[in-house]
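Listed here are the chains, written in short residue letters.
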Amino acid sequence: LAEKQAERQYITLLRTYQLVYSSKKQGVAKRQAHLQAGVSKLNDARALVDELKRKAGVQRALLAEKQAEADVALKEITASMQSASEQKSEIEVVKQQQSEELAKLEKRKKAIVIELSEIEPLVQEAMKAVGNIKPETLSEIRALRAPPDVIRDILEGVLRIMGVYDTSWGSMRNFLARRGIKEEIQSFDARKINPTIRESVNELLTKNEKSFDPAVAKRASQVALPLASWVKANIKYSYVLERIQPLEAEQAQLQENLDRSNAKLEKLGKQLETLEKRVLEMRDTFEKRTTEAARVRIEVEKEEETITAAQNLIGKLEGEHKRWSGQVGELAREMELLTKRSLIAAGFITYLSKAPEDERRQKLGEWLDKVGLDAQTFSVRRFLSTESEQLIWKGEGLPSDDLSMENALVILHSQQTPLLIDPSQRATEWLKVHLKESRLEVINQQDSNFTTALELAVRFGKTLIIQEVDGVEPLLYPLMRKDLASQGPRSVVQLGDKSIEYNESFRLFLSMRNPQPEIPPDAASIITRVNFTTTRAGLTAQLLASTLQSEKPELEERKATLLKSEEDLKVQLAALEESLLQELAMAEGNILENKALLESLNQTKVKSTTISSSLEESMQLQRSLDQERDSYLPLATYGSTLFFVIADLSKINNMYRFSLSSFLRLFVKALQNKQDTGNTELRIRTLMMTLQSLIYEHVCRSLFKADRLMFAMHLVHAMHPQLFQQNEWELFTGQVVADKQEKAKQTKDSVPTWCDQERAQAVLQIKSSFPTLYANLDFNSVDTWKGFARSSECEKEFPPGVAKRMTPFQEVLIIQAVRPDRLQTAMEHFAMRALNLKELSPSTLNLKKLYQTESTETEPVLIVISPGVDPSQELQELAESTVGGDRYHQVAMGQGQADIALQLLRESAVKGDWLCLKNLHLVTAWLPVLEKELNSLEPSKGFRLWLTTELHPKFPAILLQSSMKVTYEAPPGIKKNLERTYDMWSPELVSQGNLVVRSQTLFALAWFHAVVQERRCYIPQGWSKFYEFTQADLRVAQSIVDRLMAKAGKPQWDFMCGLMESAVYGGRVDNNFDCRVLASYLKQYFNDTVISGQAGGRQSALPCGPIPASLKIQDYQSFLSSLPDTDRPSFFGLPANIDRSSQRTISAHVIAELKVLMRSEGSGDKFDREAWLQELAPLLNLWKRLNQGSELINKKLALPSNKVESPIVEFIALERYNAINLIQVVHSSLAALNKVLKGSSLLTPSVQKLAASLLRHEVPSKWSSLWEGPEDPPIYLRSLVARALALGVWEEKSQNGTLLKEGMLDLSELFHPDTFLNALRQLTARTMKCSMDSLKFVCSWKPGGVSAAKISVQVVGFQLEGCTFDGTRLIENTRDTSSVSTIPPCTIAWIPKEAPPPYPETESISLPLYYSAERERLVICMDMPCQGDKVQWIQCGAAMFLKDH
């Protein structure tokens, strides 16, 4: 199958190479042809310029002759034109004067009109009235002999005005008798009235004023009134005429001047007309003379223009001519290299699409070296795409990092179906945008219409993206292999049981979010796996973009604009150059005669020069911007490193997985810190600390409390490497392998006298690894270190002089070496100081705050719970107070609940309800279905999905990453535990039955429940293992209390304790000594003296004090509030120094987890000789040194015979045989590994499995199946060799018969000490000639040994935890007592059961002897002398174990 896969990939490589090569070759050849044509045309143009210059000289001479003739004619015209111009000027002056005179004339006319405007209407009216006089009326007046005075006066006025001085009646009658007198009066000109007449008439008017009164005149006669009016009007008119007489005189003068001007203008006009006719005649002559000269000039100018343009163009294109000439050679070179470059590009597309960035760079470098290409000048990105294309992809949503861009190239050039491994789905979204014009259709693999959509896409040639694939469907295999069959002119492909017509335009893309898919080999050979999983470089680029968007948005905008502008300029430049070549290549004949072509070429060159200048400026500005952008690169690099630090946590626990999207949200949130430092460097440091704080809090709430210290130390090590010197971290995590094996005496002598002897090896490690540090410590000065050694808080009591010469982490190393009982606290202080934290644990989880501030409808909240904890009640209360109980739904997952859950999920998403799916760890196989359903939902705004689960190794990574995770643990401490219990109990439950005894019993039960749960914090001393005591146990126990109290009479405590011990709580306990602890608590808490129903008196107290005698729940809650927040060891019956043991255990757990984090992901899955050699060489060297001078690896032993008389001798022989056999197995496997690392042997599956275990710092299963020793490989090897060597001494003594008689035996030197004890029992039974069952095991520390024993042995190598032993009795530990003490040598033996033991049963207690401090495997039980109440020694967790080797 592997061969077929390789063959298919090779064929794909060839196809890809062919496509890339042909495409590139076509482009190079086309450009080569253009360049050669352009160079040829420029050479032709140069030859033609000289010919044009010669012809232009002849034309210039002819032009000069014609121009001279034209100049003479021009002078004549100029003179005539000058004269005409002067006359025109004179006419203009006259016209100007005439205009001024007219203006004055008009002014005078207006003044006269104004003066006459008032009187003329009166005169006209009077004249009209006179005209209306009838002749008969005049005759009547004339007939009068003597007229009345009025008529006489009026007629006298008329006569005087008209110049008749005879005013007698006769004269008047004659006047009236004149023919046409009426018309004469009407037409009288008032200008004839001289001043004398006017004065005379005025005198008359004044004298006979009444006569001229209209009323009087009218009465006198019809003639009198009009004539009277006429007289008065004319007198007034006369006055007016006298006033306007000067104006009229001036007006007359002006009119005269105007007439003279008109006459002059007419004369000048005639003269000008004559002159202009003459000019026209001369102009005709000039035009005839200049036309010929102009024709010659045009020809000359045309030729000169052509020459100039050609010279300019040839000069400007000189650079292009040289460059094109050079490029013709370069393209020839490029054509030579095209084969190699195309091969590299095809290989990249075919083989490196699924590889991470570092592997891509490495492989590309190797390939380029092999084919002789320069890695500095060749880039796959530049070879397969242009900057313009990449900018377009970025605008479509593709991340701009190298990995994403290279992957885009693979997707678009691959000859196989691309499978996008795209956890963030950004690449898939880009692909949708990029292919939207290609008849795109997008479906999910789980869609009901999947097959139909696929068939239609194939038939009609659509582009199909299949999302959310779990793997490659077998249905797709024929399609991806292109297994086409011909049916006439058509091609068909088999899809299932159908033959579908295949359209050549069909394209298929697959996409999945699972970062670690399992692709079978047959599918892997027909797809191109394109890995978009986040890389450090890619994330750094992404974070830098986010940082600049927040901190310097203008930089990113300017950068993008510049890139776009630069690319546009490059495109324009390339297009213009292509245009130059195209125009030159397409030109026919003499290009210098093609003016349009020359102009076009010239404009193109000008544009090209301008663009080149702009491009250079743009690149300089871009370099400047890049420098400014790079100032924020440290923050992006820090963030990228931080993300991969938290990603490592999945090595510890499958549930500890964090999505990139949540990290990016926190990164953006950190950038919102608006603290202005005024300095970029300080700002970056501030943002780093803010980000670190946010990430730490976010991650910690997703971790269980037991793992938070581990995470803090891991974070410090990864993010603050400056705090660690070389090899310090490796020593701390136990990865430094000592090169030499010290003798026991030398090791013992190297330990300071103030330090426990068991720390000898650790001190020696410090001494050998850091000699300078060890010299500065001055360990041999007891006075210096005395206070530190005795202090209960030694991490704060370093000698001042020494502390100044140490770094903070070196202090941790010293505490690890000499005071491991305070290592947990030391690590906490170190981590808090390094991370600038006040405490390692974040604030208590608050679901309400989580809902209000962080949760969204699209992101489920995954609550990871510890066993025995249930957040359902708190969640339900939150839902009722937020959305109402009717809008909150919950499903306890289990068999048959999946369909119900999905239905409720869809309905709740539509309605905006809340849904809680509980116990997902029970249905892990169904969870991928849930995750895909969630991904396809479009929930309403109020919708919330809550998920609860316990830890599960197969919980889907995608669901973990797409959820907001929080851990839900019970707050530590008895007080918190009791408060939770009483919060769960109602007042009615506590006071039920009105029995104080019952209420007190419930309190004792709550106390008991809290103690057995919180005692789990002290594993293995508290309990030997974790027992899942739950609220269900408490509820069952409460029901037992209710039944017990329902019966009258004295409570049956023994019955209750029996049920609790055997069924309710004890049913979970499988260690006899843990059962003994449980029973002791029950007897201590449930009895009449503790629960009396009364207060005071002789009532015994619980460790917390007397139980309140009350029925009210408030009294019990008040009592609880008075308890300390921190548990006292006395609450559990544990020793005062339990914290030391606890810290040892927790520290060991933390360091073990840190070692796991140091493993390389998948380092054992792929052979890398250099990496393997670097990590495994110290272990191989250790093994070599351990066996120097030893014959164990070559020793040949036969399987021991079972005919040996002594069981002890037989056991020792078998033990040694197995030890040497194991050493030789280990040696052969390490030798095979060493050969592979040296290259002298091929890698085999067994060697790879061995290396994988060692690289994970695990003991290989092949070794551990022969002996379950220490879990750390170096310690395992040391212990193995030490035991094998010791067994040589045991075997020698056993064969000599002195083993049991001389000296003391160290049982810790044996692989199977329990078998040795059994052999001793068998030997004793043979000696005493009794059955083995009739013997019992005893031990004694008395000087006389065991008196009843036939065979006794003195043994050593035991250690005690929980209390101390001085050889005579057990002693309670104080706060400053060491957590582990060495037991004096003792005598052991098997004696008859009826024989009295060394210590009476009442004065002794049976304690377990375990193989190791982990208390996992029991060797035997030993009776030890003690005083006082045995409950004290039971509850303190006292136990023995064999010392470490």
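Just above sits the structure.
Being a predicted model, the structure only gives us computed values, none of them experimental. Sequence positions are assigned chain by chain, starting from 1 and proceeding in written order. With pLDDT at 70 or above as the cut-off, local features in this predicted model cover only qualifying residues; side-chain atom pairs require 80 or more to be listed or tallied, and sums for whole chains, interfaces and linings still use all residues. Heavy atoms from the whole structure form the basis of all side-chain values; hydrogens and water molecules are not counted.

## Notes on the overall build of the chain
Selection rule: In DSSP terms, a helix is any run of H or I states spanning at least four residues, a strand is any run of E spanning at least two, and both are numbered starting from the N terminus. Atoms counted for the radius of gyration: C-alpha only. Globule rule: 2.2 Å times residue count to the power 0.38. Only protein chains enter the area calculation, which uses a 1.4 Å probe; residues under 20% of their type maximum are buried, those over 50% are exposed, and those in between are partly exposed. Contacts: residue pairs with any heavy atoms within 4.5 Å of one another. Calculation of accessible area relied on Shrake-Rupley with a 1.4 Å probe; when residues are assessed, cover is drawn exclusively from the protein chains displayed.
Within the chain one finds 53 helices and 24 strands. Here the C-alpha atoms of the chain give a radius of gyration of 59 Å, more than 25% beyond the 35 Å that 2.2 N^0.38 yields for 1445 residues. Taken over the C-alpha atoms alone, the chain extends approximately 210 × 105 × 80 Å along its principal axes. Out of the 1445 residues in the chain, the part that is buried amounts to 48%. In the chain, the share of contacts with a sequence separation of at least 24, taken over all contacts with a separation of at least 6, comes to 76%. Element-wise, carbon and sulfur atoms account for 50% of the exposed surface of the chain, whose accessible area totals about 71,100 Å².

## Section: the sheet that holds strand E10 (residues 888–892)
Hydrogen bonding along the main chain pairs the strands of a sheet, whether they run parallel or antiparallel. Convention followed: In this analysis, strands are considered paired if DSSP registers two or more bridges between them. Here an angle of 0 to 180 degrees is reported between the N-to-C directions of two axes, which are lines fitted to C-alpha atoms, with helices fitted over the stretch in contact.
Across the sheet, five strands lie side by side as E10-E11-E12-E9-E13; this open sheet has parallel pairing. The sheet terminates laterally at E10 and strand E13 (964–968), the two strands that pair on one side only. The mean inter-strand angle of the sheet, taken between neighbouring strand axes irrespective of direction, is 20°. The sheet contact formed by strand E9 (residues 861–865) and E13 spans five bridges and is parallel. Paired with isoleucine 865 across the strands is tyrosine 968, a residue of E13.

## Topic: the pattern of salt bridges
As a reminder, the rule being used: Salt bridge, as used here, is a side-chain nitrogen of Lys or Arg placed within 4 Å of a carboxyl oxygen of Asp or Glu.
Per the stated rule, a full pass over the model turns up 38 salt bridges. Salt-bridge contacts for glutamate 859 lead to arginine 665; the nearest nitrogen and oxygen are separated by 3.0 Å. Here glutamate 859, found in the loop between helix H33 (847–853) and E9, pairs with arginine 665, found in helix H22 (residues 660–671); they are 194 residues apart in sequence, far enough to count as distant. Residues joined by salt bridges that share partners form a network here, namely Arg360, Arg361 and Glu406.

## Focus: a nonpolar patch on the surface
The criterion, for reference: What makes a patch is a set of residues exposed beyond 30% relative accessible area and free of salt bridges, joined within 9 Å when like-charged and within 5 Å when nonpolar (Val, Leu, Ile, Met, Phe, Trp, Tyr).
On the surface, Tyr10, Leu14 and Tyr351 cluster together into a nonpolar patch covering about 290 Å² of accessible area. Secondary-structure assignment places leucine 14 in helix H1 (residues 2–131). Judged by relative accessible area, which is 41%, leucine 14 ranks as partly exposed.

## Here we look at the pairing of strand E3 (residues 463–467)
Looking along a regular strand, one sees the side chains alternate between the two faces of the sheet. Along E3, five of the five residues are buried, which leaves the element largely enclosed by surrounding structure. Neither face of E3 is left uncovered, since the one carrying Thr463, Ile465 and Gln467 and the one carrying Leu464 and Ile466 both have all their residues buried. Where strand E2 (residues 440–444) lies against E3, five bridges are found, and the strand directions are parallel. The residue of E3 that forms the bridge with glutamate 441 is leucine 464. Pairing of E3 with strand E7 (residues 507–512), which is carried by four bridges, proceeds in the parallel orientation. The partner of isoleucine 466 across the bridge, within E7, is leucine 510.

## Re a negative patch on the surface
Test applied: Positive charges come from Lys and Arg alone, negative charges from Asp and Glu alone, with His and the N- and C-terminal ends not counted. Where a charge sits is defined by one atom per residue type, namely NZ (Lys), CZ (Arg), CG (Asp) or CD (Glu).
A contiguous patch of negative charge on the surface is contributed by Glu1271, Glu1414, Glu1416 and Asp1444. Of note, glutamate 1271 is situated in the loop between helix H50 (1261–1264) and helix H51 (1273–1296).

## Looking at the sheet that holds strand E14 (residues 1305–1306)
In spatial order, the strands read E14-E16-E21-E15; together these four strands make up an open sheet with mixed pairing. Each edge of the open sheet is held by one strand with a lone partner, namely E14 and strand E15 (1335–1340). Pairing of E14 with strand E16 (residues 1352–1356), which is carried by two bridges, proceeds in the parallel orientation. Following the sheet pairing, aspartate 1306 is matched in E16 by valine 1356.

## Structural notes on the environment of leucine 102
Take leucine 102: it is sitting in helix H1. The class of leucine 102 is partly exposed, set by a relative accessible area of 36%. Considered as a pair, leucine 102 and alanine 427 are 325 residues apart in the sequence and their alpha carbons are 91 Å apart.

## What to know about the pairing of E7
A large share of E7 lies buried, amounting to five of its six residues. The pairing of strand E1 (residues 417–421) with E7 spans three bridges and is classified as parallel. Following the sheet pairing, isoleucine 421 is matched in E7 by methionine 512.

## Examining the packing of helix H40 (residues 996–1014) against helix H41 (residues 1031–1046)
Put simply, the rule reads: Any angle that is under 35 degrees is reported as roughly parallel, and any over 145 degrees as roughly antiparallel; angles of 65 to 115 degrees are reported as roughly perpendicular and all others as oblique. Each crossing gets its handedness from the near helix: less than a right angle anticlockwise from the far helix is left-handed, clockwise is right-handed.
Across the interface, H40 lies against H41 with an axial gap of 10 Å and an inter-helix angle of 155°. With respect to each other, H40 and H41 are oriented roughly antiparallel. Where H40 crosses over H41, the handedness of that crossing is right-handed. Here Val997, Arg998, Thr1001, Leu1002, Leu1005 and His1009 of H40 come into contact with H41, specifically with Gln1031, Leu1034, Ala1037, Gln1038, Val1041, Asp1042 and Met1045.

## Overview of unusual backbone geometry
In this structure, proline 1020 follows isoleucine 1019 across a cis peptide bond, with omega equal to 5°. Summarising the element assignment, proline 1020 is placed in the loop between H40 and H41. With a phi angle near 60°, asparagine 836 is a residue other than glycine that sits in the positive phi range. Position of asparagine 836 among the secondary structure elements: in the loop between helix H32 (823–835) and H33. One non-glycine residue, asparagine 994, lies in the positive phi region at around 55°. Take asparagine 994: it is sitting in the loop between helix H39 (987–991) and H40.

## Topic: the environment of alanine 1032
If you trace the backbone, alanine 1032 turns up in helix H41. Owing to a relative accessible area of 34%, alanine 1032 belongs among the partly exposed residues under this scheme.

## Points about helix H42 (residues 1053–1064)
Spelled out, the test is: This arc is taken over the directions from the axis of the helix to the C-beta atoms.
Among the residues making up H42, those that are buried are Trp1053, Met1056, Cys1057, Met1060 and Val1064. Taken end-on, H42 shows its buried residues confined to a sector of 105°, consistent with a single buried face. Within H42, the exposed residues directed more than 90 degrees away from the buried face are Asp1054 and Ser1062. Looking at the packing, one finds that the buried side of H42 touches H40, H41 and helix H43 (1072–1085).

## A closer look at the packing of aromatic side chains
Cut-off, in case you're wondering: Aromatic rings from Phe, Tyr and Trp, with only the six-membered ring used for Trp, were paired whenever their centres fell within 6.5 Å, and each pair was classed as stacked if the ring planes differed by under 30 degrees, edge-to-face if by over 60, and tilted otherwise.
Tallied over the entire structure, the rule returns 48 aromatic pairs. When the centroid spacing of 5.2 Å and the interplanar angle of 85° are considered together, the rings of tryptophan 785 and phenylalanine 788 count as edge-to-face. Residue tryptophan 785 and its partner phenylalanine 788 are both found in helix H29 (residues 782–790); the two are separated by three residues, about one turn of the helix. Both residues of the pair, tryptophan 785 and phenylalanine 788, count as buried.

## Side note on helix H52 (residues 1313–1328)
Condition: Expected span, for any helix, means 1.5 Å times one less than how many residues it has.
Across its 16 residues, H52 extends 22 Å between first and last C-alpha, which sits within 8% of the 22 Å expected from 1.5 Å per residue. Of all the residues in H52, the buried ones are Pro1313, Phe1316, Leu1317, Ala1319, Leu1320, Arg1321, Leu1323, Thr1324 and Ala1325. Residue lysine 1329 follows H52 closely and has a positive phi angle near 55°.

## Let's talk about the packing of helix H23 (residues 680–700) against helix H24 (residues 708–719)
Worth spelling out the cut-off: Three categories are distinguished: nonpolar for Ala, Val, Leu, Ile, Met, Phe, Trp, Tyr, Cys and Pro, charged for Asp, Glu, Lys and Arg, and polar for the others, with Gly belonging to the last.
It is at 11 Å that the axes of H23 and H24 come closest, and there the two elements cross at 150°. Relative to H24, H23 is oriented roughly antiparallel. Remark: the crossing between H23 and H24 carries right-handed chirality. Note on element contacts: H24 touches H23 through Arg708, Phe711, Ala712 and Leu715, opposite Gln692, Tyr696, Val699 and Cys700. Its residues assigned to classes, the contact of H23 with H24 shows six nonpolar, one polar and one charged.

None of this, on its own, says anything about what the molecule does.
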